[in-house]
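Structure assessment
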Amino acid sequence: MPDDRGGFESFECAPGLRLEAYERLAALQFKTLQERIEKHEGTIERLEKRLWLTVYGVAAAIIGQAFQSLIAAVPG
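None of these values were measured; they are calculated from a predicted model.

The number of helices and strands found in the protein is one helix and zero strands. When burial is assessed residue by residue, the protein has 0% of its 76 residues classed as buried. Accessible surface for the protein amounts to roughly 7,500 Å². Of this, 65% is attributable to carbon and sulfur atoms.

What follows concerns the UniProt feature "transmembrane region" (unreviewed entry) in the protein. Those residues carrying the UniProt feature "transmembrane region" (unreviewed entry) are residues 51–74 in this numbering. Taken end to end, residues 51–74 has its terminal C-alpha atoms 35 Å apart, with 96% of it in helix and 0% in strand.

Let's shift gears to the pattern of salt bridges. All told, the structure shown has one salt bridge when counted by the stated rule. The partner of Glu20 in a salt bridge is Arg24, with the nearest N and O atoms 3.0 Å apart. Taken together, the positions of Glu20 and Arg24, both in helix α1 (residues 14–73) and four residues apart, correspond to about one turn of that helix. Judged by relative accessible area, which is 35%, Glu20 ranks as partly exposed. Since its relative accessible area comes to 53%, Arg24 is described here as exposed.

This part is about a nonpolar patch on the surface. Together, Leu51, Trp52, Val55 and Tyr56 make up a nonpolar patch on the protein surface, roughly 440 Å² of accessible area in all. For Tyr56, the position within the fold is in helix α1. Looking at Tyr56, the relative accessible area reads 55%, which means it is exposed.

A surface patch of like charges, here negative, comprises Glu35, Glu38, Glu41, Glu45 and Glu48. Along the chain, Glu41 falls in helix α1. Relative accessible area serves as the criterion here: at 45%, Glu41 is assigned to the partly exposed category.

What counts, and at which threshold
- Residues numbered from 1 in each chain as written.
- Predicted model: local features only at pLDDT ≥ 70, side-chain atom pairs only at ≥ 80, totals over all residues.
- Heavy atoms only, no water.
- Helix = DSSP H or I, 4+ residues; strand = E, 2+ residues; numbered from the N terminus.
- Buried < 20%, exposed > 50% of the residue type's maximum accessible area, 1.4 Å probe, protein only.
- Areas by Shrake-Rupley, 256 points an atom, 1.4 Å probe, with all protein chains shown as cover.
- UniProt positions renumbered as here; feature names shortened; annotations may be inferred.
- Salt bridge = Lys/Arg side-chain N within 4 Å of Asp/Glu carboxyl O.
- Patch = residues over 30% accessible without salt bridge, like charges linked within 9 Å, V, L, I, M, F, W, Y side chains within 5 Å.
- Lys, Arg positive; Asp, Glu negative; His and termini not counted.
- Charge placed at Lys NZ, Arg CZ, Asp CG, Glu CD.

Written as structure tokens, this is what we have:
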């Protein structure tokens, strides 16, 4: 396969193969890291939903007790 180097064919050499292997390894590590980040983001989102549900539950309980106190205090 001639290329733009004066008609010489390209060939695979040890440093080139080594560099290619490092590039594949880095791409694989980056992909794995990206997947782990996405997994952690999903976990954080679920935890955040649970936290807000707890906050709303506590607020509803406090408001319920306040209304119950008001109803008990009103003569009737």
